Amino acid sequence: MKHTISVLVENEFGVLSRISGLFSGRGFNIESLSVAPTMDPELSRMTLVTRGDDKILEQITKQLNKLISTIKVVDFTDGEYIERELALIKVSTDAESRAEALRIVDIFRAKVIDVTPKSYTIEITGAPAKINGILELLRPMGIKEVVRSGPVVIGRGAKGVVG
Amino acid sequence: MELTGSQILLKSLTLEGVDTVFGYPGGAVINIYDDLYESSINHILTRHEQAAVHAADGYARCTGKVGVAIATSGPGATNTVTAIATAYMDSIPMVIITGQVPTPLIGNDAFQEADMCGITRPCTKHNYLVKDIRDLAKTIKEAFYIARTGRPGPVLIDLPKDIQVTTYKFSYPDKVSLRGYKPTYSGNIRQIEKAAKMILAARKPVLYVGGGITLSGADDVLLKLAELTQIPVTTTLMAMAAFPQRHPLALGMLGMHGTFFANMSVTECDLLIAVGSRFDDRVTGRIDSFAEKAKIIHVDIDPTSIGKNVEVDLPIVGDLKDVLGKLHGHLNKKPELVEDLIEETEEWRSMIGEWRERQPMTYRSSKSVIKPQYVIEKISEVTNEDAIITTEVGQHQMWAAQFYTFRHPKTFLTSGGLGTMGFGLPAALGAQVAYPDRQVIDISGDGSFQMNSQELATLVQYKLPVKIVILNNNYLGMVRQWQQMFFEKRYSQTVMELPIDFIKLAEAYGATGLQTKKVEDVEAIIKQALETPGPVLMNFIVSREENVLPMVPAGKAIHEMVLAS
């Protein structure tokens, strides 16, 4: 089963390799990982997507917690959460396909952020499934490049994870 | 007061109560070594960095203090890795200080540069690269705190050469504040009450005790709990000395080379109380048939140990001293129920007694060749089980666990998790430094001994009277045993074809060497060695193809033992 986990860590030298080393050393997989500092510049928040049965997930969260640099681990899969990913997509366009591309951008509430005679660069935010959707529709035009941020998540409701 | 980085280091070590360090100098730690002249710290110069860290490990295992070792950058530092991994697997509190190239050169493939934080990340509890002199004192404080608290373990501090000479105002912090590190010491009282209930309801309970018991200092409370409830105790390799092996409740070791009655007890029990043990594959054998009839209570300070290899019915996270103390207190208040328990489990103990009688821990004795087990029994007898025993890894290690009757905590220092050949001699060195007046004996094989035999020099230099026993079969015996049993006696690369003259070797270093192949000389040689001042090497030519039995073949359930006939 897919799990999306937030890890609050000390924003310090080597912390990313501690996390990634833990996953590779123990044979856990990481599907995606995004990291950035939080409001508190001493902390970073990582969002990682992994897969495994309950037993593996229990080990993953326990092992993450065991790292000295880890402050908090939240597995969002058990509760209600909002998931968003950003993608930048460079797609080939010509006179024929431009209108179609714009229609697709419109339907997905995406944005064209760069234009050349031969291409559009599109920015889209949404749940990963939505990004997969637009990619599917754009594919016939010829996708030159895709950059995805990997999802970030936040819990629903008024309560926040501090940091 | 402005001090240099290396002075800050040594001063901080002193403030942490460190009086002895083990190490080996080099370019990247030369300033630290120069400042040692002005420090009260006693430095033991080993002949290899690996041995320095094993020695600090042995020192830590027998004292319970944090062991400290120093090595230079690059090869000096990488030489420590096996020893750090050894300590990590057995949860030994250590601080290892390695020199590093100056900060501006880091990443430049400088002379004697190695990324020690990268290399040791998976085998340390935590590690630090100190890039700013202002962080040094705080880092040392944290390193010692992390090493000795929670589930202990080695912490490495990588200290660049320029930081060692930079000066800064020294003040040692009183407190440690680590947002991400707060070990749970106090066991949840509800869980403990549940455990008490499960114990009182059990009819075939067994305590399965691991190295955590020694790390926690809970040996006494374990004994009290076992005696109160009359629950039999089986110990892992790491806990052989944590429970008096002569005690009627002692079942000896369990697992691959465990006793018949310990393995049968675990297989048949209805309640397994795992304390400070981690269900290692050498203990469990085939995992799905391990204690399959039992409910399992697992007490450990490290939550990751619980539920990792087996599912447990009742997890309790906490310090064993606290948890077992509370459990004992709780049961002690219910004398009638405990009385009932003892009565109801009478049959269980007599069943175990029958197993013990049917298949005791034994071997076929001989009058013509020295049996290695016999040598261990004699050491046990002659030392009155009072010695600190270290071992290397292999057959001799298992025989030491099986045939030495341990009775004092912290007297059996052995590499359990990593299984490091070459551990025993430097660990004995460290133990002898810690306790100059106690009898320290390294039990070794001819293979393992040669992995760190250079430390004979250190023993002689510092007049450390460690006694070394080589059970010499001219084989890498444990691998040979596997080849005999599972590879049709194809002894690939396990025959040590060149017989070593160990007496000459000992004498070359200025130690004493003794040797025999006669059974009737064994006891006299051990006595002579113990009476001889200084380090003594005893070379016993033993029966060559002796096997360690019982043995659970890899992948089998622990009741499927090959027994001593």
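Anyway, here's the lowdown on the structure attached to this text. (Residues numbered from 1 in each chain as written. Chains lettered and ligands numbered in written order. Predicted model: local features only at pLDDT ≥ 70, side-chain atom pairs only at ≥ 80, totals over all residues. Heavy atoms only, no water.)

Overall, the coordinates contain 31 salt bridges over all chains when judged by the stated rule. In this structure, Asp40 of chain A and Arg179 of chain B form a salt bridge, with 3.3 Å as the shortest nitrogen-oxygen distance. With Asp40 of chain A in the loop between strand 2 (32–37) and strand 3 (43–51) and Arg179 of chain B in the loop between strand 8 (167–169) and helix 9 (189–201), this residue pair bridges two chains. Assessed through its relative accessible area of 25%, Asp40 of chain A is described here as partly exposed. Of the residues examined, Arg179 of chain B reaches a relative accessible area of 36% and is grouped as partly exposed. Between Arg278 of chain B and Asp280 of chain B there is a salt bridge, with its nearest N and O atoms 3.5 Å apart. The partly exposed category is assigned to Asp280 of chain B, whose relative accessible area is 21%. (Salt bridge = Lys/Arg side-chain N within 4 Å of Asp/Glu carboxyl O. Helix = DSSP H or I, 4+ residues; strand = E, 2+ residues; numbered from the N terminus. Buried < 20%, exposed > 50% of the residue type's maximum accessible area, 1.4 Å probe, protein only.)

Once that is clear, we can look at the pairing of strand 18 (residues 467–472) of chain B. Residues and elements named next belong to chain B. Judged by how many residues are buried, strand 18 sits mostly within the fold: 6 of 6 residues are covered. Alternating positions in strand 18 separate into two faces, Lys467, Val469 and Leu471 on one and Ile468, Ile470 and Asn472 on the other, with burial throughout. The pairing of strand 18 with strand 20 (residues 536–541) spans 6 bridges and is parallel. Each bridged residue has a counterpart across the sheet, and for Lys467 the counterpart in strand 20 is Val536. (Pairing = 2+ DSSP bridges.)

Bringing the state of the cysteines into the picture now. Taken as a whole and assessed by the stated rule, the structure comprises 0 disulfides over all chains. Not part of a disulfide, Cys117 of chain B finds its nearest cysteine sulfur in Cys123 of chain B, a span of 11 Å. (Disulfide = S-S within 2.5 Å.)

For the rest of this paragraph, the subject is a negative patch on the surface. A grouping of Glu336, Glu339, Asp340 and Glu343 of chain B is seen on the molecular surface, where their side chains present a negatively charged patch. By the element assignment, Glu336 of chain B lies in helix 15 (residues 335–344). (Patch = residues over 30% accessible without salt bridge, like charges linked within 9 Å, V, L, I, M, F, W, Y side chains within 5 Å. Areas by Shrake-Rupley, 256 points an atom, 1.4 Å probe, with all protein chains shown as cover. Lys, Arg positive; Asp, Glu negative; His and termini not counted. Charge placed at Lys NZ, Arg CZ, Asp CG, Glu CD.)

All names here are of chain B. Under the 1.5 Å per step criterion, the end-to-end length of helix 16 (residues 346–358) is 18 Å for 13 residues, consistent within 8% with the ideal 18 Å. When helix 16 is considered as a whole, its buried residues turn out to be Trp348, Arg349, Ile352 and Trp355. Take helix 16 and look down its axis: the buried residues cluster within an arc of 110 degrees, on one side only. Of the exposed residues in helix 16, those oriented more than 90 degrees away from the buried face are Glu347, Glu354, Glu357 and Arg358. (Expected span 1.5 Å × (residues − 1). Arc of directions from axis to C-beta.)

To continue, consider the interface of chain A and chain B. When the parts of a complex come together, some accessible area is lost, and that lost area is often taken as the interface size. Listed per partner, the contact involves 20 residues of chain A and 19 residues of chain B. Of the roughly 1700 Å² buried where chain A meets chain B, counting both sides, 50% is carbon and sulfur surface. The largest share of the area that chain A buries against chain B comes from Phe13, Arg18 and Ile68 of chain A, three residues that together contribute 40% of it. One can count 10 residue pairs in polar contact (both at pLDDT 80 or more) joining chain A with chain B. (Contact = heavy atoms within 4.5 Å. Buried area = accessible area lost by both parts, 1.4 Å probe. Polar contact = N/O pair within 3.5 Å; in protein donor to acceptor, adjacent residues only side chain to side chain.)

Attention shifts here to the packing of helix 11 (residues 219–229) of chain B against helix 14 (residues 320–332) of chain B. Residue and element names in this part refer to chain B. Here helix 11 crosses helix 14 at 30 degrees, and the two axes come no closer than 9 Å. Accordingly, the angle class assigned to the pair helix 11 and helix 14 is roughly parallel. Handedness of the crossing formed by helix 11 with helix 14: left-handed. Only Lys321, Leu324, Gly325, Leu327, His328, Leu331 and Asn332 of helix 14 make contact with helix 11, whose side of the interface consists of Val221, Leu222, Lys224, Leu225, Leu228 and Thr229. (Axes fitted to C-alpha atoms, helices over the stretch in contact; angles between N-to-C directions. Parallel < 35°, antiparallel > 145°, perpendicular 65-115°, else oblique. Left-handed = near helix turned anticlockwise from the far one by under 90°.)

A negative phi holds for most residues other than glycine; trans holds for most peptide bonds. Note the cis peptide between Leu549 of chain B and Pro550 of chain B, where omega equals 0 degrees. By secondary structure assignment, the location of Pro550 of chain B is in the segment after strand 20.

Residue and element names in this part refer to chain A. Ordered in space as 2-3-1-4, the 4 strands form an open sheet in which the pairing is antiparallel. If you trace the sheet from one side to the other, it starts and ends with strand 2 and strand 4 (70–75), each paired once. This sheet shows a mean twist of 15 degrees between the axes of neighbouring strands, independent of strand direction. In the sheet, strand 1 (residues 2–10) pairs with strand 3 via 9 bridges, with the strands oriented antiparallel.

Sheet faces and side chains relate simply in a regular strand, where the side chains alternate between the two faces. Residue and element names in this part refer to chain A. Across 4 bridges, strand 5 (residues 81–92) lies against strand 9 (residues 152–155) in antiparallel orientation. Residue Ile82 lies in a different strand from strand 9, and its bridge partner there is Ile154. As paired strands, strand 5 and strand 7 (residues 119–126) are joined by 8 bridges and run antiparallel to one another. Opposite Ser92, over in strand 7, you have Ser119 as the bridge partner.

Residue and element names in this part refer to chain B. One open sheet accounts for 6 strands, arranged 3-2-4-5-7-6; its pairing is parallel. Every interior strand has two partners, whereas the edge strands, strand 3 (42–45) and strand 6 (126–129), have only one. For this sheet, the mean inter-axis angle between neighbouring strands, taken without regard to orientation, is 20 degrees. Sheet topology note: the strand 6/strand 7 (residues 154–160) ladder contains 4 bridges and is parallel.

Turning our attention to the packing of aromatic side chains. Residues and elements named next belong to chain B. The full count for this structure, using the stated rule, is 15 aromatic pairs over all chains. Taking the centre distance of 6.1 Å and the plane angle of 75 degrees together, the rings of Tyr208 and Phe290 count as edge-to-face. In this pair, Tyr208 sits in strand 9 (residues 205–209) while Phe290 sits in the loop between helix 13 (281–284) and strand 13 (295–300), placing the two residues 82 residues apart along the sequence. With centroids separated by 5.4 Å and ring planes inclined at 90 degrees, the aromatic side chains of Tyr363 and Phe403 adopt a geometry described as edge-to-face. You can see Tyr363 sitting in the loop between helix 16 and helix 17 (372–382) and its partner Phe403 sitting in helix 18 (residues 395–403), a full 40 residues away along the chain. Taking the relative accessible area as the measure of exposure, Tyr363 reaches 15% and is therefore buried. Residue classification places Phe403 among the buried residues on the basis of a relative accessible area of 7%. Members of the aromatic cluster, each reached through a chain of ring pairs, are Tyr208, Phe279 and Phe290. Positioned above the aromatic ring of Tyr435 is the side chain of Arg438, whose terminal nitrogen or guanidinium carbon lies 5.0 Å from the ring centre. (Phe/Tyr/Trp six-rings, centres within 6.5 Å; stacked < 30°, edge-to-face > 60°. Lys NZ or Arg CZ within 6 Å of the ring centre and 35° of its normal.)

Together, Leu86, Leu88, Ile113 and Val147 of chain A give the surface a local cluster of nonpolar side chains, amounting to about 300 Å² of exposed area. Within the secondary structure, Leu86 of chain A sits in strand 5.

Attention now goes to empty space enclosed by the protein. Residues and elements named next belong to chain B. The final tally for this structure, using the stated rule, is 1 cavity of 30 Å³ or more. In this structure, the largest cavity occupies an estimated 60 Å³ of space. As for the largest cavity, its lining consists of Thr259, Phe260, Gln359, Pro360, Met361, Thr362, Leu549, Pro550, Leu563 and Ala564. (1 Å grid on protein atoms, 1.4 Å probe; cavity = no way out; pocket = protein on both sides within 12 Å on 5 of 7 lines; lining within 4 Å. Points joined across faces, edges and corners; volume = space filled by probe spheres on them.)

Attention now moves to a positive patch on the surface. Residues and elements named next belong to chain B. On the surface, Arg190, Lys194, Lys197, Lys333 and Lys334 cluster together into a positively charged patch. Relative to the elements of secondary structure, Lys194 occurs in helix 9. Taking relative accessible area as the criterion, Lys194 reaches 46% and is therefore assigned partly exposed.

Residue and element names in this part refer to chain A. The set of residues buried in helix 4 (residues 128–138) consists of Pro128, Ile131, Ile134, Leu135 and Leu138. Down the axis of helix 4, the sector holding all buried residues measures 125 degrees, keeping them to one side. On its buried side, helix 4 packs onto strand 5, helix 3 (98–107), strand 7 and strand 8 (143–148).

Below, the discussion takes up the nonpolar core. Residues and elements named next belong to chain B. Among the nonpolar cores identified, the biggest contains 43 residues, and Phe22, Leu429, Phe449, Leu459, Ile468 and Leu537 are the most heavily contacted of them. Per-element accounting of this core gives the leading share, 7 residues, to helix 3 (residues 49–63). Non-local contacts of Leu429, meaning those with residues more than four positions away in its chain, are made with Phe22, Ile44, Ala55, Glu455, Thr458, Leu459, Leu464 and Val466. One finds Ile192, Val221, Ile231 and Ala242 within the second-largest nonpolar core, a separate group that totals 37 residues. (Core = buried A, V, L, I, M, F, W, Y, C linked by side-chain atoms within 4.5 Å.)

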